[in-house]
Amino acid sequence: MTRTHPLNQDRHGSSAIALVNARLIDPATGLDRKGGALIIDGVIADLGPSITARTAGDAEIIDCAGRVLAPGLIDAMVFAGEPGHEHRETLATASRAAAAGGVTTIVCMPNTEPVIDDVALVDFILRRARDTALVNVHPMAAMTKGLKGEEMTEIGLLHEAGAIAFGNGKTSLANAKVMRNVLAYAKDFGALIVHHLEDAPLASDGVMNEGEVATRLGLRGSPTAAETIVLERDIRLVELTGGRYHAGQISCRDSLDIVRAAKARGLPVTCGVSINHLTLNENDIGPYRTFFKMKPPLRSEDDRRAMVEGLASGDIDVIVSAHDPRGAEGKRRPFAEAADGAVGLETLLGAALRLYHNGEVELGRLLQALTVNPARLLKLGGGRLAKGAPADLVLIDLDRPWVVEPEALRSKSKNTPFDAARLQGRALLTFVAGRLVYNYAE
Amino acid sequence: MSIAAETSHPSFPHRHLLGIEGLSRGELVSLLDLSEEASKLSRQIAKKRDDLRGRTLINLFFEASTRTQSSFELAGKRLGADVMNMSVGTSSVQKGETLIDTAVTLNAMRPDILVVRHYAAGAVELLAQKVDCSVINAGDGSHEHPTQALLDALTIRRHKGRIEGLIVAICGDILHSRVARSNILCLNALGARVRVVAPSTLLAAGIERLGVEVYTSMWEGLADADIVMMLRLQRERMTSSLVPSQREYFHFFGLDYDKLARAKPDALVMHPGPMNRGVEIDSNVADDARSVIREQVEMGVAVRMAVLQALARQLPNR
């Protein structure tokens, strides 16, 4: 069963488009061949070598010049800022950033102000997205009221209203009994629980990864055990309840081992990793650079390598941007007092392609974690390059070099850890339901 | 390079003093030599020089401090600077952005040297990025307190004639101590063998990677030590379950004559102050002939004069 966006069904482009002379990649099937795609009424009407400029008929023809045509990226973790923090980001600006990054679907997190813990707020997000956003937006709802970790939200009603999953923002649910009940109750609706992993008392005043680097900087560290303790507990509760569970972001080798063991036992457990934890480590903090402050914190190089290995082996299911816009008021502070988080929608693809260019992860695997895997996890129709699939597409130049210029980012906030980074590969064209929402050439 | 050669060409080619990290052995030695000279000046009747005449020094303290602030004030005045003290109480600070706002505001008053203490690690460095003048770190969170490390090294050198090869045991709250970090870096650079002695709850993760031997027993850690350097234990460590009680801490980690007997007979006892008598140090030990705690304070003024002189040479328009 897949779910279509409740409000977005009529937003497709009306005329036919033929994308010809492309390298078609469908990460779900491993399809990788030359050909074209015909888009009619917002869906992929036909696909394959037979779609050429000559066979396109009346359709508008776009010559892809041999570049990769893939399903649009699905980003399962975006902190959009709306409602409550519109000065940092709105759904409109986040969606423009997404489109420019080849991301056609974003899941926005519930830790807004007010918290998305009520049907009316789910509806608000969907309507704001319909009216202002360029890409598909799905709200994640809070699993406890006010994210306080005490009372369960109306999971059934929120699910019906369009909440794509349930999370607890940037905090872990401390009470194991509430967590058990949430997992058990959500299971009845087939709803997915996405959890943040951080034992608050153990992490306490930790502001970066615990270890030599933190000690040299005189900063309090947060040990990886603060992550693994919650993950271990949650997996015991999944065992108890059978609820569908997704660890939103893991950041260390030990967590990967725990997820592997859970999967080997056949439990309904999946996990994600942020692009930051795949490409950066604690040393990047250097002289107290607050743009590298995030939750979970950047870990050691060994942990980063474990994340790459887990992605390559398929044990890590999903890559997220963990896009979290923060203004100067949050970041221009002493490190310990600075806000957590980094923007990432526009750099997600380029940074991920580093792993491909380095030979660390195959292109197909990388795109799986960015498209079909999150689609399956979230029971979305997209993430496929196949006949009948929504025409949410990205045309990728795998080799195009570019330099990240914070001022050029479409996001309202410029807190990118890839400031001045040289990336190789980027989105050239992005389509959502057959409508062109981003054109690099413009 | 010989020590003599370094001494005859004192050099400190830096605009700021933000930490011991990054300073070479030669630079540290030249600062110590300069401090030695300054200490002689302080013992004269006429203590004034004019190295900083016409210059403005601002003491900007975001954290209360009596001795460091007065030490810098005196050092500045002895060198002829105009000194202004600004204490910014933590409660009155709208944290964070105010730091940069304060920096920009102060910068507009065109000081030549800013001496800054702040409760957050890295805050002094952040501030230094925003101002045009020289900045001296007078302590930033648990990160560094470079002038304390220099005055400790100077005190040791005056008594032992050297630092190289000495066994220095730094004891107590290593986890929260900027004094410990700066001393580890400084004494290691000068060739000492540095030990840290603390309960595991007060050791920082990966501290051994800074080039120290780690002990959790005073009896072992003080064995044959030339220098016993005690750190202050703040009372809130008891309420945050890092140590169970004052009396237990004193029993195992307080410096008394029993434990001191493990060190060399001529070992020096040091403490950066302010002391908690009966918590980390026995009152009689603190006043013992082997204690150089008061001399540390005296050397504090000398070291700060030396640092000010060294930075003054780098100031523009000279």
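Refer to the preceding data block for the structure.
Figured I'd write up the structure that's included with this text. (Residues numbered from 1 in each chain as written. Chains lettered and ligands numbered in written order. Predicted model: local features only at pLDDT ≥ 70, side-chain atom pairs only at ≥ 80, totals over all residues. Heavy atoms only, no water.)

### What to know about the sheet that holds strand S4 (residues 134–140) of chain B
All names here are of chain B.
Working step 1: One open sheet accounts for four strands, arranged S2-S1-S3-S4; its pairing is parallel. Two strands lie at the open edges of the sheet, namely strand S2 (82–87) and S4, each paired on one side alone. If you compare each strand with its neighbour and ignore which way they point, the axes differ by 15° on average.
Working step 2: Relative to S2, strand S1 (residues 56–61) runs parallel, the two sharing six bridges. Bridge pairing in S2 places Asn-59 opposite Asn-85. (Pairing = 2+ DSSP bridges. Helix = DSSP H or I, 4+ residues; strand = E, 2+ residues; numbered from the N terminus. Axes fitted to C-alpha atoms, helices over the stretch in contact; angles between N-to-C directions.)

### Notes on the interface of chain A and chain B
Working step 1: In this assembly, 16 residues from chain A lie in contact with 28 residues from chain B.
Working step 2: Between chain A and chain B the total buried area reaches about 1800 Å² when both faces are included, carbon and sulfur atoms providing 53% of it.
Working step 3: The largest contributions to the chain A side of the interface with chain B come from Thr215(A), Arg216(A) and Arg332(A), which together make up 34% of the buried area.
Working step 4: Here chain A is connected to chain B by two salt bridges.
Working step 5: Here Glu212(A) and Arg209(B) are joined by a salt bridge, their closest N and O atoms 3.2 Å apart.
Working step 6: Between the two partners, chain A and chain B, sit seven residue pairs in polar contact (both at pLDDT 80 or more).
Working step 7: In terms of residue class, the side of chain A that touches chain B is made up of six nonpolar, three polar and seven charged. (Contact = heavy atoms within 4.5 Å. Buried area = accessible area lost by both parts, 1.4 Å probe. Salt bridge = Lys/Arg side-chain N within 4 Å of Asp/Glu carboxyl O. Polar contact = N/O pair within 3.5 Å; in protein donor to acceptor, adjacent residues only side chain to side chain. Nonpolar A, V, L, I, M, F, W, Y, C, P; charged D, E, K, R; others polar.)

### Re helix H4 (residues 176–187) of chain A
All names here are of chain A.
Working step 1: Given a rise of 1.5 Å per residue, 12 residues ought to cover 16 Å, and the 16 Å separating the end C-alpha atoms of H4 matches this to within 8%.
Working step 2: For H4, the full list of buried residues reads Val-178, Met-179, Val-182, Leu-183 and Ala-186. Here the buried residues of H4 occupy an arc of 135° about the axis, which is enough to place them on one side.
Working step 3: Structurally, H4 contributes buried residues whose contacts are with helix H3 (155–161), strand S11 (192–195), helix H7 (225–241) and strand S14 (244–247).
Working step 4: N-capping of H4 is provided by Asn-175, with a side-chain oxygen placed 2.9 Å from the backbone N of Lys-177. (Expected span 1.5 Å × (residues − 1). Buried < 20%, exposed > 50% of the residue type's maximum accessible area, 1.4 Å probe, protein only. Arc of directions from axis to C-beta.)

### Observations regarding the packing of helix H12 (residues 348–357) of chain A against helix H13 (residues 363–370) of chain A
All names here are of chain A.
Working step 1: Running from N to C, H12 and H13 point in directions that differ by 150°, and their axes come no closer than 9 Å. The angle between the axes of H12 and H13 places the two elements in the roughly antiparallel class. Where H12 crosses over H13, the handedness of that crossing is right-handed. Two secondary-structure elements touch here, H12 through Leu-348, Ala-352, Leu-353, Leu-355 and Tyr-356 and H13 through Leu-363, Leu-366 and Leu-370.
Working step 2: The class makeup of the residues in the contact of H12 with H13 is eight nonpolar, no polar and no charged. (Parallel < 35°, antiparallel > 145°, perpendicular 65-115°, else oblique. Left-handed = near helix turned anticlockwise from the far one by under 90°.)

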